[in-house]
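Spelled out from the first residue to the last, the chains are:
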Amino acid sequence: MVVPLMNLHIKSLGASHTVAGIIGSLYGIMQLFSSTFVGCWSDIVGRRYSLLACILLSALGYFLLGTSTTVFLFALSRVPVGIFKHTLSISKALLSDLVSERDRPLVMGRFNAASGVGFILGPVVGGYLTELEDGFYQTSFICASIFLLNAGLVWMLPWNEESIVNKKHEHDKKRTDNSSAKRDCDSHLKPVNNGAMANDSPLQSPWVQITTVLKRIKEIASSDLWDIFLIRLLMSVAILLYYSNFTLALDERFGVKPLFSGYLLSYSSTLGVLAGCLLGPITRLYQHNTYRLLLHSSTFTCVLILLYASALGMWMVILSSTFLAFSTTIGRTCIIDLELTIGGNEASGTLLGVGQSVTSVGRIIAPLLSGIAQEFSPCGPPSLGVGLALIAILIMNINKQKYCSSGNVKLKNQ
């Protein structure tokens, strides 16, 4: 509801384009560095406490946004949101705790579909409210109220942190295909995790929590997960390059007006929601082989971006946009599932946080690469995206053995 209206609001406060850009960049930088820390913190203190804290502090940020009558207040309101608005990542980590590995892609797909509906309806509601007197401020207060409502729902949800851990440990004991590396990883992480899920863990001193968070981040950094995150970075940048100059390229190549481009993007987003709902039948078709599904969806994404870059008519653009909505939605879900499968659920919050940071790096790199590529041709950004996607596919093929066996990455002991 709020994000599409922010540029208009900050300009109405008298900010220049440069100042507006700086404030937007600072928000992205805060998200980049805080996502890993907050995700790991949720592993330490538990999902309920961390999710409640993030929701309430995000609500504070949107409340401040609703009172921002100066550029300084506007910038100040972005600080708590930039640092703590990682509710989607923590929710995904919670879902990973609650469901089995077999059901995880299906549940994550439905979760992403629900989020997609929000991204479709939000701008419509925000656009309607902003037409009213003081519409932006009303929209901000409504957004803060929704966060408070979510905090109440989280407080009432009937899950128990300790039972989640016990369930996961029982599930791990029943698995017969675990490698020795996975057992070593579990034995190293379980003492930390058991302490983290204790009822009094949120009451630990901040210094103890920070020290434990930094230790867990160091474990992930020294683990053998670099290729997974590199694949995520390459595919993220490839897709961002496709969208980076979408409206401008359609205008220059086919004379299409921005209004039609907006309709086409909305159409693609709607199909993405549908793709999230279809993940269950698709994963069953692939016999729950996440690696094979990720490889095929990434290859399909690469082909579709190439089709768009070489399109001779709008029908080819519409065709590529239609199927790209499915392939990218499936790919995003599969890469998260692969991270959790190989890295282990014991550090799911940390893994998802690092993954979010990697995507944030992609959002910083993509505009720069897009600007350089556009100097040569309107088709430059998607063509470059095809090259990056091919590199990701090559890495997946080289490391096929590792991806096909779950839980074989050992986090190094400190």
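Residues numbered from 1 in each chain as written. Predicted model: local features only at pLDDT ≥ 70, side-chain atom pairs only at ≥ 80, totals over all residues. Heavy atoms only, no water.

So what exactly am I meant to see when it comes to the overall build of the protein here?
In terms of helices and strands, the protein carries 19 helices and zero strands. Classification of the 414 residues of the protein by burial places 52% in the buried group. In the protein, 82% of the contacts between residues at least 6 apart in sequence involve partners at least 24 apart. With an accessible surface of roughly 19,300 Å², the protein has 68% of that area assigned to carbon and sulfur atoms. (Helix = DSSP H or I, 4+ residues; strand = E, 2+ residues; numbered from the N terminus. Buried < 20%, exposed > 50% of the residue type's maximum accessible area, 1.4 Å probe, protein only. Contact = heavy atoms within 4.5 Å. Areas by Shrake-Rupley, 256 points an atom, 1.4 Å probe, with all protein chains shown as cover.)

Just checking my understanding: could you explain the UniProt feature "transmembrane region" (unreviewed entry) in the protein for this structure?
UniProt records the feature "transmembrane region" (unreviewed entry) for residues 12-30, 50-76, 111-130, 136-157, 225-244, 264-286, 293-318 and 380-398 in the present numbering. In residues 111-130, the share of helix is 95% and the share of strand is 0%. The end C-alpha atoms are 28 Å apart. Annotated as 95% helix and 0% strand, the span residues 225-244 places its first and last C-alpha atoms 28 Å apart. (UniProt positions renumbered as here; feature names shortened; annotations may be inferred.)

How do you make sense of the packing of aromatic side chains when you look at a structure like this?
According to the stated counting rule, one finds ten aromatic pairs in the structure shown. Ring geometry for tyrosine 242 against phenylalanine 246: centres 5.6 Å apart, planes inclined by 50°, an arrangement best described as tilted. Given the relative accessible area of 1%, tyrosine 242 is considered buried. The exposure class assigned to phenylalanine 246 is buried, which follows from its relative accessible area of 2%. For the ring pair phenylalanine 246 and tyrosine 308, a centre distance of 5.7 Å and an interplane angle of 25° mean the geometry is stacked. One end of the pair, phenylalanine 246, is in helix H12 (residues 246-254); the other, tyrosine 308, is in helix H15 (residues 290-309), with 62 residues separating them in the sequence. Each member of the aromatic cluster is reached from another via a ring pair, and the members are Tyr242, Tyr243, Phe246 and Tyr308. Positioned above the aromatic ring of tyrosine 27, the side-chain terminus of arginine 78 is 4.3 Å from the ring centre. Stacked on the ring of tyrosine 308, the Lys or Arg arginine 253 has its end atom at 5.3 Å from the ring centre. (Phe/Tyr/Trp six-rings, centres within 6.5 Å; stacked < 30°, edge-to-face > 60°. Lys NZ or Arg CZ within 6 Å of the ring centre and 35° of its normal.)

What am I meant to see in the pattern of salt bridges here?
Opposite charge on two side chains makes pairing possible when the charged atoms of those side chains draw close. Using the criterion set out here, one finds four salt bridges in the structure. For arginine 47, the salt bridge identified is with aspartate 97, shortest N-O distance 2.7 Å. Placement of arginine 47 in helix H3 (residues 47-65) and of aspartate 97 in helix H5 (residues 87-98) is noted, with a sequence separation of 50 residues between them. Judged on exposure class, the residue arginine 47 and its partner aspartate 97 are both buried. In this structure, glutamate 339 and arginine 232 form a salt bridge, with 3.1 Å as the shortest nitrogen-oxygen distance. Of this pair, glutamate 339 sits in helix H16 (residues 314-343) while arginine 232 sits in helix H11 (residues 226-244), and the two are 107 residues apart along the sequence. Each member of the pair glutamate 339 and arginine 232 is classed as buried. (Salt bridge = Lys/Arg side-chain N within 4 Å of Asp/Glu carboxyl O.)

Where do I start with helix H7 (residues 135-156) in this structure?
Residues spaced three or four apart along an α-helix point in a common direction, a consequence of the helix completing one turn every 3.6 residues. Its 22 residues give H7 an end-to-end C-alpha distance of 32 Å, which sits within 8% of 32 Å, the value for a rise of 1.5 Å per residue. In this fold, the buried residues of H7 make contact with helix H1 (6-12), H3 and helix H6 (104-129). (Expected span 1.5 Å × (residues − 1).)

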